[in-house]
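Single-letter residue listing:
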Number of protein chains: 2
Amino acid sequence: MNIGILGTGMVGETLGTKLDSLGHRVKMGSRTANNEKAAVWVKKNGDNASLGTFADAAKFGEIIINCTKGEVSLSALKLAGEDNLKGKVIIDVSNPLDFSKGMPPTLTVSNTDSMGEQIQKNYPTAKVVKTFNTMSCLIMVNPRSLSGSHVIFQCGNDSGAKDKVRDLLKSFGWSDDEIFDLGDITASRGCEMVLPLWLRIMGALKSGAFNFNIVR
Amino acid sequence: MNIGILGTGMVGETLGTKLDSLGHRVKMGSRTANNEKAAVWVKKNGDNASLGTFADAAKFGEIIINCTKGEVSLSALKLAGEDNLKGKVIIDVSNPLDFSKGMPPTLTVSNTDSMGEQIQKNYPTAKVVKTFNTMSCLIMVNPRSLSGSHVIFQCGNDSGAKDKVRDLLKSFGWSDDEIFDLGDITASRGCEMVLPLWLRIMGALKSGAFNFNIVR
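All values reported here derive from a predicted model rather than from experimental measurement.

1. Focus on the pairing of strand β2 (residues 25-30) of chain A
Residues and elements named next belong to chain A. Counting buried residues along β2, 5 of its 6 residues qualify, which places the element largely inside the surrounding structure. With 5 bridges connecting them, strand β1 (residues 2-6) and β2 associate as parallel partners. Bridging across to β2, L6 finds its partner in G29. Between the parallel elements β1 and β2, the chain passes through helix α1 (residues 10-21) in a crossover that is right-handed.

Set out below in structure tokens:
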């Protein structure tokens, strides 16, 4: 599949590398066409890996993965261009963390709204699926690195899009019963508002190598 | 131990019944001295169970457990009286849920503050420990009703108070490694902001009989 990744940070790189290793064609997009980190990543990943602007990556992808920081996600998507996003699946991995007021970060949007919902509102024909954002990117692409079962949440308004994302997650090593569907995109609020707890757990464990499980 | 419970809802009753069954003397406090639900509870629970006003319960308890709804917790504690709370351990179970704008509820305080922190600020000599609030009350008092390990978070500024709460949790059936210390009382933010996710999970499972675990 052709996949466009927005954002050249650790999350974008990690997901891009995993997707490349699974045989997908991946274009990594950033503000400039020749982002240095994206260029290094392309060199490491061979023929199916490419780089370009946010618009190039969005145009290229059947699926778009938003790996930009939450605070710049809307501006990145604006640069990606409405036409390039029309009708497409957008996987939103972003967390709207605000580090500007010191630690711990607060959320730029929460409680009555969320980044996932804002993206869906801004691009109503796109099929936004919120997932991945509740764990370290090393766990996203290697769920079996933890001992035992744990969960990855997904939510969105389009069940076909969620099925596509489910298939992608399964190809990453997630088992079907670990993929927890929370319903429509308003559940993004819950996915994003768990970040303050996640950060405290990371602080206590001094490691991001953990994830939530739901025990019944 | 003498324990004062503030709030006669399902959470207060369930915790009170468990504490009574473990041999503690429990006074259930409410706005009025003769709350009907508290009276019924006392009849069911025998000689060690009693009822009274918020002030009566707070005066009685070596440990106070705030089981009032988050939206009225501060006013309930005001009625309990500063003198009756002085230097005591306050276990804060409250969730600042606002149902007034319909479902799903939002939080009356979040992101930059929390109910646990507000209580600690209002009663600086009290030792506030936030715990219990991330699960159904049936799980609080019967952790072994779920299959496998799961976690209960606690946070607070006073390590002695947290040790006391830990002992109480262990007497409820929680194992030592299931009691997850998140640090100081500012972690209440994380504990309370997980509620929107918790509510969506409950909606998807159509049951509150679940809890979070941390998988490493």
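2. Regarding the environment of R200(A)
Structurally, R200(A) is set in helix α10 (residues 195-205). Taking relative accessible area as the criterion, R200(A) reaches 19% and is therefore assigned buried. Put simply, R200(A) and T134(A) are 66 residues apart on the chain and 13 Å apart in space, counted from C-alpha to C-alpha. Sequence-distant contacts of R200(A), that is, excluding residues within four places in its chain, are made with L182(B), G183(B), D184(B), T186(B) and A187(B). Looking at R200(A), its side chain comes within polar contact range of the side chain of T186(B), at 2.7 Å.

3. Considering helix α10 (residues 195-205) of chain B
Among the 11 residues of α10(B), 8 are classified as buried, and the element is accordingly described as predominantly covered. Count one or two residues on from α10(B) and you reach K206(B), which has phi positive near 55°.

About the criteria used
Residues numbered from 1 in each chain as written. Chains lettered and ligands numbered in written order. Predicted model: local features only at pLDDT ≥ 70, side-chain atom pairs only at ≥ 80, totals over all residues. Heavy atoms only, no water. Buried < 20%, exposed > 50% of the residue type's maximum accessible area, 1.4 Å probe, protein only. Helix = DSSP H or I, 4+ residues; strand = E, 2+ residues; numbered from the N terminus. Pairing = 2+ DSSP bridges. Right-handed = clockwise from strand over helix to strand, strands pointing away. Contact = heavy atoms within 4.5 Å. Polar contact = N/O pair within 3.5 Å; in protein donor to acceptor, adjacent residues only side chain to side chain.

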